[in-house]
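Descriptive analysis of the structure
These are the residues of each chain, in order.
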Amino acid sequence: MSDVPFLAAMYLRLSRDDCDIGDMMDRNGTIKSESNSIGNQRELIKGYIQQQQDIKLYDVYIDDGFSGSNFDRPEFKRMIDDMKAGKINCVIVKDLSRFGRDYIEVGKYIQKIFPAYFVRFIALTDGYDSFLADMQESNFILPLKNFINDSYCRDISIKVK
């Protein structure tokens, strides 16, 4: 490992359904390789990590254009493989909805899988850090936020259809 206690995965995700065409175009009207939202997520997390003395960035995992309603995403899978191999012990996301929108699966990772691997989970704009969270936050507030994210995803899907 490292002399820093936490080796972090920066996980970034944006569904194509979550962005408009302007988010994918540069000033010249050509398609960008990365959406504005992904860039913004990266800068937010990077700034956070720079302020932490106990966290070092191990790698960046980007699923740009993948739905959060399932976990069949290539970079998510790579991140989980790195976690299982002991390469990372901290996952940082902008917010819970960037991690995923299926509240059962999100809860399974945050409350079961990550603790089993001694992985710290941080959702910046939700103000959640598993290392600092109390039981009420972990067992009541977090599942409620995940349920709302899941419901939002289903509502948008119905409206798009």
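Since this is a predicted model, take the numbers as computed values, not measurements.

Parameters and conventions
- Residues numbered from 1 in each chain as written.
- Predicted model: local features only at pLDDT ≥ 70, side-chain atom pairs only at ≥ 80, totals over all residues.
- Heavy atoms only, no water.
- pLDDT = per-residue confidence, 0-100.
- Contact = heavy atoms within 4.5 Å.
- Salt bridge = Lys/Arg side-chain N within 4 Å of Asp/Glu carboxyl O.
- Buried < 20%, exposed > 50% of the residue type's maximum accessible area, 1.4 Å probe, protein only.
- Pairing = 2+ DSSP bridges.
- Helix = DSSP H or I, 4+ residues; strand = E, 2+ residues; numbered from the N terminus.
- Axes fitted to C-alpha atoms, helices over the stretch in contact; angles between N-to-C directions.
- Lys, Arg positive; Asp, Glu negative; His and termini not counted.
- Phe/Tyr/Trp six-rings, centres within 6.5 Å; stacked < 30°, edge-to-face > 60°.
- Lys NZ or Arg CZ within 6 Å of the ring centre and 35° of its normal.
- Core = buried A, V, L, I, M, F, W, Y, C linked by side-chain atoms within 4.5 Å.

What about the confidence of the model for the chain?
Confidence in the prediction of the chain, expressed as mean pLDDT, is 80, and 70% of residues score 70 or more. Below a pLDDT of 50 lies the segment residues 18-33, which in the model reaches 21 contacts outside its immediate sequence neighbourhood of four places, other chains included. Note on residues 152-161: pLDDT under 50 across the span, and three contacts to partners over four residues away in sequence or across chains.

Regarding the pattern of salt bridges
Counting across every chain of the model gives eleven salt bridges. In this structure, the salt-bridge partner of Lys77 is Asp72, at a minimum N-O distance of 2.4 Å. Across the pair Asp82 and Lys87 runs a salt bridge whose closest N-O atoms are separated by 3.7 Å. Of the residues examined, Asp82 reaches a relative accessible area of 9% and is grouped as buried. Among the charged side chains, a network of salt bridges with common partners joins Asp59, Glu75, Arg78, Asp82 and Lys87.

Some words on the sheet that holds strand β4 (residues 120-123)
Ordered by their spatial adjacency, five strands build an open sheet running β2-β1-β3-β4-β5, and the pairing between neighbours is mixed. Both outer strands of the open sheet, β2 (55-64) and β5 (128-129), are each paired with one neighbouring strand and no more. Bridge analysis of strand β1 (residues 6-14) against β2 gives nine bridges, and the strand direction is parallel. Looking across to β2, one finds that Phe6 is bridged to Ile55. Contacts between helix α2 (residues 36-50) and the sheet are confined to β1, β2, β3 (90-93), β4 and β5, with β1 contributing the most and set at about 160° to the helix. Across the sheet, helix α3 (residues 74-84) is in contact with β1, β2 and β3; its angle to β2 comes to roughly 150°.

Some remarks on the side chain of Asp63
Here Asp63 lies in strand β2. Of the side chains bearing the opposite charge, Arg73 lies closest to the buried Asp63, which forms no salt bridge; the N-O distance is 4.7 Å. If we ignore the near neighbours within four places in the chain, the residues touching Asp63 are Tyr11, Leu12, Arg13, Leu14, Arg73, Pro74, Glu75 and Phe76.

Side note on the packing of aromatic side chains
This model, assessed by the stated rule, comprises 14 aromatic pairs. Ring plane angle 65° and centroid distance 5.1 Å describe the contact between Phe99 and Phe121, whose orientation is recorded as edge-to-face. One end of the pair, Phe99, is in helix α4 (residues 96-99); the other, Phe121, is in strand β4, with 22 residues separating them in the sequence. The exposure class assigned to Phe99 is buried, which follows from its relative accessible area of 0%. Since its relative accessible area comes to 0%, Phe121 is described here as buried. Stacked on the ring of Phe76, the Lys or Arg Arg73 has its end atom at 5.2 Å from the ring centre.

Quick word on the nonpolar core
Nonpolar side chains in soluble globular proteins generally cluster together in the buried interior. Formed by 22 residues in total, the largest nonpolar core has its most connected members in Phe76, Met79, Val91, Phe99, Phe114 and Phe121. For this core, the elements supplying multiple residues, two or more each, are β1, α3, β3, α4, α5 (103-116) and β4. Beyond its immediate stretch of four places on either side in the chain, Val91 contacts Ala9, Met79, Phe114, Val119, Arg120, Phe121 and Ile122. Core analysis: the second largest hydrophobic core is formed by 14 residues, Phe6, Leu14, Ile49 and Cys90 among them.

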